[in-house]
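# A closer look at the structure
These are the residues of each chain, in order.
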Amino acid sequence: MGRSVTDLLATLQELEHLGVGFVSITEALDLTTPAGHAMAGLLALFAAFEREILGERIRAGLAYARKNGKRLGRWLTAAPSATQIRKLFRARR
C-alpha cells in the first residue's frame, strides 16, 4: 500500500471518505489518528526514497559491468548459427 506519497494519501482519503479506518495490528499503526497520518506519510516517503536509491544502485552496477566488458542483456540464441546447425544435423544422418 502506498507506492508513493501521493498514492498513499489518496488511498487514505478514499478510505476515510468511505468511513473505513486502517489499523495495522502487527505494526501497531493506527492511520485514523493525526499521528498515524503523519507516520504513514513518513513511511511512504522513506519507501519512495529507498526505491530511488535502489534505482541508482542498479544503474551504477550496470555502468560498472559495461565498463568492465561484461555483456548485458539476454543471451544470444542459436538463430545466427541456424544454417550451420542445420548443415551439421543433416550430415549426422
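Throughout what follows, the structure given in this document is the object of discussion.

Rules and cut-offs
Residues numbered from 1 in each chain as written. Predicted model: local features only at pLDDT ≥ 70, side-chain atom pairs only at ≥ 80, totals over all residues. Heavy atoms only, no water. Core = buried A, V, L, I, M, F, W, Y, C linked by side-chain atoms within 4.5 Å. Buried < 20%, exposed > 50% of the residue type's maximum accessible area, 1.4 Å probe, protein only. Helix = DSSP H or I, 4+ residues; strand = E, 2+ residues; numbered from the N terminus. Expected span 1.5 Å × (residues − 1). Contact = heavy atoms within 4.5 Å.

## Some words on the nonpolar core
By size, the foremost hydrophobic cluster in this structure holds six residues: L8, L12, L29, L31, A40 and A44. When contributions to this core are tallied by element, the ones reaching two or more residues are α1 (5-17) and α2 (34-67).

## Let's talk about the environment of I85
Along the polypeptide, I85 turns up in helix α3 (residues 82-92). For I85, a relative accessible area of 44% translates into the label partly exposed. Distance from I85 to G41, taken between C-alpha atoms, is 59 Å for residues 44 residues apart in sequence.

## Overview of the environment of R86
When you line up the elements, R86 lands in helix α3. Relative accessible area serves as the criterion here: at 46%, R86 is assigned to the partly exposed category. Expressed as a C-alpha distance, the spacing of R86 and R59, which sit 27 residues apart in the sequence, is 40 Å.

## Notes on the environment of G21
One can find G21 in the loop between α1 and β1 (23-24). A residue is classified by how much of its surface remains accessible, and G21, at 46% relative accessible area, is partly exposed.

## What about α2?
Its 34 residues place the ends of α2 50 Å apart at the C-alpha level, agreeing with the 50 Å of an ideal helix rising 1.5 Å per residue. All of the buried residues along α2 are G36, A40, G41, A44, A48, G55 and A65. Contacts from the buried residues of α2 go to α1 and β2 (29-30). Phi turns positive one or two residues past the end of α2, at G69, with a value near 80 degrees.

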